[in-house]
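Summary of the model geometry
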Amino acid sequence: MEYLLSIAVSIVLVTVVTLAWRVLNWVWLRPKRLERCLRQQGFTGRPYRLLYGDLKENSVMIKEAKSRPMSLSDDFTPRLIPFLHKVVKDYGKNSFVWIGPTPRVNIMNPDQIKEIFTRISDFQKARSNPLVRLLAGGLANYEGEKWAKHRRIINPAFHQEKLKLMLPAFYESCNEMINIWKNLVSVEGFCEVDVWPYLVNLTGDVISRTAFGSNYEQGKKIFQLQTELADLIIQVARSVYIPGWRFLPTKRNRRMKEIDMEIRASLLGIIEKRDKAMKAGEAAKDDLLGILMESNFREIEEHGHNKTTGISINDVIEECKLFYFAGQETTSVLLVWTLVLLSIHQDWQARARQEVFQVFGDDRPNNDGLNHLKIVSMIFYEVLRLYPPVVVLARGVYKETKLGNLWLPAGLEMSLPIILVHQDKEFWGDDAMEFKPERFSEGISKAMKHQVSFIPFAWGPRICIGQNFALMEAKMALALLLQNFSFELSPSYVHAPVEIITVKPEYGAPLILKKL
């Protein structure tokens with residue numbers, strides 16, 4: 001009996017010591033070892049602080065930045081990413097920050113950025129709190145063979161020929177919004193409209209029609225739930241991730257899981273109904289879900305029915321969540337900042353309108369014409385440069401590797417601050433902070449000094465699969481708007497870009513619309 005008790009005590013002691021060692025290594029030894037390695041290679045940053053790193057100061061600075069008013073001419077980057085902006089300003093481009101006990105190295109050299117985007121097996125998506133992935137999983141979060149398979153199956157849905165078939169849905173959604181605005185301005189010929197909620201509804205309606213063949217009202221609940229989930233995820237992302245914490249039944253954890261279950265149930269109903277119809281012999285619809293499911297069936301037929309071919313119903317749900325979130329977010333923020341900047345720069349608004357009338361007159365915009373809107377394209381590129389939808393991308397280093405002349409130990413993260421690269425005078429000239437669409441007059445490649453210093457949709461094999469979808473939708477919306485209205489900033493407009501997953505106007509975007 002004493003012998004068994006002695007063994008039990010020994011096991012407990014070994015377990016406790018092992019856990020204590022792991023915790024000590026996680027919160028102190030490993031971070032300090034990584035810090036020494038970075039400093040030896042010329043990187044600078046604040047000393048590591050136990051467990052929280054720079055997260056507390058980051059939160060304080062975000063709160064302070066949002067409390068300060070700013071004018072339209074101010075650099076808004078310190079409002080979006082105040083701590084990162086300060087670190088790069090104080091320590092230079094070769095600097096790092098602490099995301100809890102994990103050092104995140106800033107990479108602003110385009111050659112190194114290109115290498116990171118190209119070597120997708122060495123530099124994978126940075127691992128985050130698993131709760132963050134509740135918002136949108138799918139292609140954007142997969143690695144290796146699973147990513148390659150999903151990309152292959154999903155690619156046909158975003159082919160240019162398929163996008164042509166979606167133009168009528170783009171037009172219907174945009175035209176509905178334009179008609180609402182016409183009614184608002186019909187009495188006096190002008191009125192003040194906060195265009196932001198309308199643009200959110202518009203892009204939600206478009207993704208509902210093009211992804212699922214339904215209208216916005218049918219998808220409205222999913223969008224409302226994803227908006228609530230996005231706010232909760234921002235809170236999670238700005239706090240230290242403690243392994244296992246997500247399983248605790250806190251109020252926030254419970255609500256996030258409830259939202260996820262509700263979204264999944266709604267999407268499952270849509271997918272199962274479509275699956276049943278296709279198995280009964282109905283032709284696949286030309287919406288994103290139909291094309292995805294048809295491509296999946298073809299993949300299974302060509303490679304046989306086994307676990308490694310095709311994607312599961314759960315995978316389809318994750319891709320649909322990504323369609324919903326990314327499809328709606330990217331285009332709505334591109335459009336709102338385009339309208340704000342064209343309200344400020346009336347000369348470019350006039351030039352864009354003149355081009356739209358030259359190409360379409362009063363006729364309905366068509367595919368060929370949209371592809372020939374050169375000035376509109378220049379404007380969109382410049383908006384994406386100044387207001388990229390996502391301001392920072394992160395990649396993880398999970399095995400020792402080299403990046404140029406840098407030696408990177410496992411456990412680091414790489415920060416690709418898109419917005420800082422887009423506004424770097426070294427790459428874009430002394431007018432980098434100014435709105436000058438003419439810099440794109442000869443295309444993207446001629447506008448910059450380096451191939452990979454314009455990355456609003458990332459770059460390389462993992463470049464955003466939906467970028468052409470977003471730009472085509474935005475062109476349709478802007479063309480129709482320019483055919484019907486002129487617009488300027490309302491006196492009530494407050495310039496306050498804020499990062500909530502993507503870059504949004506915190507207090508909306510009230511404009512004065514005037515009917516043409």
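Residues numbered from 1 in each chain as written. Predicted model: local features only at pLDDT ≥ 70, side-chain atom pairs only at ≥ 80, totals over all residues. Heavy atoms only, no water.

**Re helix α7 (residues 160-185)**
Between the first and last C-alpha of α7 there are 36 Å, a value that for 26 residues agrees with the 38 Å anticipated at 1.5 Å per step. Where α7 bends most, at Met-166, the angle is about 40°, and the proline Pro-168 comes one to four residues later. All of the buried residues in α7 are Leu-163, Met-166, Leu-167, Ala-169, Phe-170, Tyr-171, Ser-173, Cys-174, Met-177, Ile-178, Trp-181 and Val-185. (Helix = DSSP H or I, 4+ residues; strand = E, 2+ residues; numbered from the N terminus. Expected span 1.5 Å × (residues − 1). Bend = angle between axes of the 7 residues up to and from the residue. Buried < 20%, exposed > 50% of the residue type's maximum accessible area, 1.4 Å probe, protein only.)

**Description of the packing of helix α8 (residues 195-212) against helix α12 (residues 313-344)**
Put simply, α8 and α12 touch, their axes get as near as 8 Å, and they point 145° apart. Remark: the crossing between α8 and α12 carries right-handed chirality. Touching Val-195, Trp-196, Leu-199, Val-200, Leu-202, Thr-203, Gly-204, Ile-207, Ser-208, Ala-211 and Phe-212 of α8 are Cys-320, Phe-323, Tyr-324, Gly-327, Gln-328, Thr-331, Ser-332, Val-333, Leu-335, Val-336 and Leu-339, all from α12. (Axes fitted to C-alpha atoms, helices over the stretch in contact; angles between N-to-C directions. Left-handed = near helix turned anticlockwise from the far one by under 90°. Contact = heavy atoms within 4.5 Å.)

**A look at the nonpolar core**
Phe-117, Val-195, Leu-288, Trp-337, Met-414 and Phe-469 are the most contacted members of the largest nonpolar core, which totals 152 residues. In terms of residues, this core owes the most to one element, α12, which gives 16 residues. Those residues in contact with Phe-117 that lie beyond four places of it in its chain are Leu-393, Arg-395, Leu-416, Val-452, Ile-455, Ala-458, Trp-459, Gly-460 and Pro-461. (Core = buried A, V, L, I, M, F, W, Y, C linked by side-chain atoms within 4.5 Å.)

**Concerning a nonpolar patch on the surface**
A cluster of nonpolar side chains, Trp-21, Leu-24, Trp-28, Leu-29 and Leu-50, forms an exposed patch at the surface whose accessible area comes to about 490 Å². Following the sequence through the fold, Leu-29 ends up in helix α1 (residues 2-40). (Patch = residues over 30% accessible without salt bridge, like charges linked within 9 Å, V, L, I, M, F, W, Y side chains within 5 Å. Areas by Shrake-Rupley, 256 points an atom, 1.4 Å probe, with all protein chains shown as cover. Salt bridge = Lys/Arg side-chain N within 4 Å of Asp/Glu carboxyl O.)

**Focus: the environment of Val-494**
Of note, Val-494 is situated in the loop between β9 (485-489) and β10 (497-500). With twelve residues separating them along the chain, Val-494 and Glu-506 place their C-alpha atoms 8.6 Å apart.

**Here's the deal with the layout of surface pockets**
The computed volume of the second largest pocket comes to approximately 510 Å³. Around the second largest pocket, the lining is made up of 29 residues, and of these Tyr-381, Ile-444, Phe-454, Gln-467 and Leu-471 lie nearest the centre. Elements with a minimum of two residues in the lining of the second largest pocket: α15 (374-386), α18 (444-447) and α19 (467-484). Residue classes in the lining of the second largest pocket are distributed as 17 nonpolar, ten polar and two charged. (1 Å grid on protein atoms, 1.4 Å probe; cavity = no way out; pocket = protein on both sides within 12 Å on 5 of 7 lines; lining within 4 Å. Points joined across faces, edges and corners; volume = space filled by probe spheres on them. Nonpolar A, V, L, I, M, F, W, Y, C, P; charged D, E, K, R; others polar.)

**Some words on the packing of helix α2 (residues 55-67) against helix α4 (residues 82-91)**
At a minimum axis distance of 8 Å, the contact between α2 and α4 shows a crossing angle of 105°. Taken as axis vectors, α2 and α4 run roughly perpendicular relative to one another. Facing Glu-57, Asn-58, Met-61, Ile-62 and Ala-65 of α2, the residues of α4 in contact are Pro-82, Phe-83 and Lys-86. Tallied by class, residues from the contact of α2 with α4 come to five nonpolar, one polar and two charged. (Parallel < 35°, antiparallel > 145°, perpendicular 65-115°, else oblique.)

**Comments concerning empty space enclosed by the protein**
If you walk through the whole model with that rule in mind, you get one cavity of 30 Å³ or more. Size it by volume and the largest cavity reaches roughly 30 Å³. Secondary structure elements with two or more residues in the lining of the largest cavity: α2, α3 (77-80) and β10. Tallied by class, residues from the lining of the largest cavity come to three nonpolar, no polar and four charged.

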